Each structure stands twice: as C-alpha cells, then as structure tokens.
Amino acid sequence: MLKKYNLTVEEHYVLFNEMSHPDVSPYVRNYVNDFNQYLTNVTHILAAEERGEMINRVIVNEWNQPIGMITLYDITEYGGFLATWLGKDYHGKGYNKIAKQLFLTEIFNETNIEVVYLKIRVNNYRSQKAALKLAYVAEATSDHNIIYSFINQNEVKYNLYTVTRHAYLSDQLSPNIDYIKNEEVYELLS
C-alpha cells in the first residue's frame, strides 16, 4: 500500500499523470506542469528527505501501481505537516484512510515525531470530512494559535487539525468492544 519514493521513471510518469488531473493538481504540494520539471523536483524531494526535512511515501493500489502520495513535510524536532493526494479515479475508495494509518504507524513507531499537523483548506469539505472520521484527529485551531496564524497568512485559508502520538497509538491499541445484550449478560450470570 505504501512504498518509498525511489521509483522507476515509468512509475514517476504514472504518478505525474495522476497528479495532473484538474481535480487533483490544486491539492498537490509543489505541483509542476511538465514531466521534466517533475523529475527535477524528485531530486530535491529526495535530498530533503535525506536531510530529515520530510518523509515521502507513494500510495500504491493492489497491483503496486502508484496512485498518490503521502508526505510529512516541514519537519521540526518533534512534528511536521501531513499532506496527501490521490489520483481522481481513487477518490472515495478507502485508499486515503489506509495510507494514513500505515504512514502514521510508521511515523510514530520509527521516528521521534510527537505531533502531526493537518492543514486543510476551509473549502475542501471532502478532506475535512475524511479527517474528522478518524478518532485520533483533533481540531487544533484554538490549541495552536501561533501555527494557525502562520498557516493563514496568505490568501488561501486553512483549518488546523492534529494527530498526536498518544492519541494515535491509543486509538490503534484500543480493543474493539463487542457489546452484548442484557439478556445475554443475564444468561451468563445465571
């Protein structure tokens, strides 16, 4: 479902085509219009990852074909911002939720990251709805005023959410409680 960003040229071309769809490109961080620029950008992304400034994973489908990206960027000592995008044909099929779960598990189990920030455009209702479906995501506008003000300095406005290591790992460890009916409890106690 996730693989490192060291792709073949053919895989990069597939990924570039997925990101170029008009419904996807506005949400791609560092979007470029042509494939040669994209390949140049890959070099910069890999160098930034080597320096510890970002972590990138490619989201792949059941046939191991690239369908999107998930990235932790602007990493500081204990946190960073999450960005994801999926190709248009893969929207609403559950890939984003699975990719986030795998990525956050990796981040919180293999790094010292304590908090992941999600900035979602105020008019991106699809992403807001998806984020709030996750039990470990919290609205963070009031708790992180400085970061909220910083991300909203420009014309495009964002809502701010967080995923903390504690909230995520607690959610992953919590057992799925199977509730039983009162009659079954009575029978068990009799």
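Per chain, the residues get numbers from 1 upward, laid out in the order the sequence is written. Note on the predicted model: pLDDT of at least 70 is required for a residue's local features to be given, and 80 or more for side-chain atom pairs to be given and counted; whole-chain, interface and lining totals, by contrast, use all residues. Calculated side-chain values reflect all of the structure's heavy atoms, with hydrogen atoms and water omitted.

This part covers the packing of aromatic side chains. Stacked, edge-to-face and tilted are the three classes for Phe, Tyr and Trp ring pairs, Trp counted by its six-membered ring, which pair at centre distances within 6.5 Å; planes under 30 degrees apart are stacked, over 60 edge-to-face, the rest tilted. Under the defined criterion, the tally for this structure stands at 9 aromatic pairs. Taking 5.7 Å as the distance between ring centres and 55 degrees as the angle between the ring planes, the aromatic pair formed by Phe 16 and Tyr 38 counts as tilted. Highlighted residues: Phe 16 in helix α1 (residues 9-19) and Tyr 38 in helix α2 (residues 35-50), separated in sequence by 22 residues. Residues Phe 16 and Tyr 38 agree in their burial class; the two are buried. A ring pair is formed by Phe 35 and Tyr 38, whose centres lie 5.8 Å apart and whose planes are at 15 degrees; its orientation type is stacked. Elements are defined by DSSP. Helices are runs of H or I of four residues or more, strands are runs of E of two residues or more, and each kind is numbered from the N terminus. Exposure is judged per residue with a 1.4 Å probe applied to protein chains only, and the accessible area is read against the type maximum: over 50% gives exposed, under 20% gives buried, and values in between give partly exposed.

Turning our eyes to something else, we now look at the sheet that holds strand β1 (residues 2-4). A pair of strands is considered paired only if DSSP assigns at least 2 bridges between the two. The 7 strands lie next to each other as β1-β2-β3-β4-β5-β7-β6, forming an open sheet whose pairing is mixed. The sheet is open, and its two edges are formed by β1 and β6 (138-139), each paired on a single side. Inspection of the sheet shows β6 paired to strand β7 (residues 158-164) by 2 bridges, in the antiparallel sense. Paired with Ala 138 across the two strands is Thr 162, which belongs to β7.

Right, let's talk about the environment of Val 14 for a bit. In this fold, Val 14 is placed in helix α1. Residue classification places Val 14 among the partly exposed residues on the basis of a relative accessible area of 27%. The sequence separation of Val 14 and Glu 53 amounts to 39 residues, and the corresponding C-alpha distance is 25 Å. Not counting residues within four places of it along the chain, the set of residues in contact with Val 14 comprises Gln 65 and Pro 66. Note on contacts: a residue pair qualifies if any of its non-hydrogen atoms lie within 4.5 Å across the two residues.

Strand β2 (residues 55-60) sits mainly inside the fold: 6 of its 6 residues count as buried. Of the two faces of β2, the one lined by Ile 55, Arg 57 and Ile 59 and the one lined by Asn 56, Val 58 and Val 60 are each fully buried. With 3 bridges connecting them, β1 and β2 associate as antiparallel partners. Bridged to Leu 2 within β2 is Ile 59. Bridging between β2 and strand β3 (residues 66-73) involves 6 bridges; their strand directions are antiparallel. Bridge pairing links Ile 59 to Gly 68 in β3.

The subject of this paragraph is the side chain of Asn 124. If you trace the backbone, Asn 124 turns up in the loop between β5 (115-121) and α4 (125-132). A residue is classified by how much of its surface remains accessible, and Asn 124, at 12% relative accessible area, is buried. N or O atoms closer than or at 3.5 Å make up a polar contact, with two conditions inside protein: a donor-capable atom paired with an acceptor-capable one, and, for residues adjacent in sequence, both atoms drawn from side chains. Reaching out from Asn 124, the side chain makes a polar contact with the side chain of Ser 127 at a distance of 3.1 Å.

For β5, the buried fraction is high: 5 of the 7 residues fall into the buried class. With 4 bridges connecting them, strand β4 (residues 79-86) and β5 associate as parallel partners. Within β5, the position partnered with Leu 82 by the bridge is Leu 118. The crossover handedness rule: strands pointing away from the viewer, path from first strand over the helix to second strand clockwise, crossover right-handed. The parallel pair β4 and β5, bridged by helix α3 (residues 95-110), forms a crossover whose chirality is right-handed. Relative to β7, β5 is paired through 7 bridges, and the arrangement is antiparallel. Bridge assignment links Val 116 to a residue of β7, and that residue is Val 163.

This brings us to the confidence of the model for the protein chain. Counting all residues, the mean pLDDT for the protein chain is 88, and 92% of those residues have values of 70 or more. Looking over the protein chain, one finds the lowest element-wise mean pLDDT in helix α7 (residues 182-189), namely 51, and the highest in β2, namely 96. As a per-residue measure, pLDDT tells how confident the predictor is, with possible values from 0 to 100.

Between the N-to-C directions of two axes lies an angle of 0 to 180 degrees, each axis being a line fitted to C-alpha atoms and, for a helix, fitted only over the stretch in contact. Two elements in contact, α3 and helix α6 (residues 165-173), have axes whose closest approach is 10 Å; the angle formed by their N-to-C orientations is 120 degrees. The angle between the axes of α3 and α6 places the two elements in the oblique class. As for how α3 packs across α6, the hand of that crossing is left-handed. Facing α3, whose interface residues are Gln 101, Leu 104, Thr 105, Phe 108 and Asn 109, α6 presents Arg 165, Tyr 168, Leu 169 and Gln 172. For this classification, the nonpolar set comprises Ala, Val, Leu, Ile, Met, Phe, Trp, Tyr, Cys and Pro, the charged set comprises Asp, Glu, Lys and Arg, and every other residue, Gly included, is treated as polar. Here the contact of α3 with α6 is composed, by residue class, of 4 nonpolar, 4 polar and 1 charged. Just so you know how the angles are binned, under 35 degrees is roughly parallel, over 145 roughly antiparallel, 65 to 115 roughly perpendicular, and the rest oblique. The handedness criterion is simple: a crossing whose near helix is rotated anticlockwise from the far helix by less than a right angle is left-handed, and one whose near helix is rotated clockwise is right-handed.

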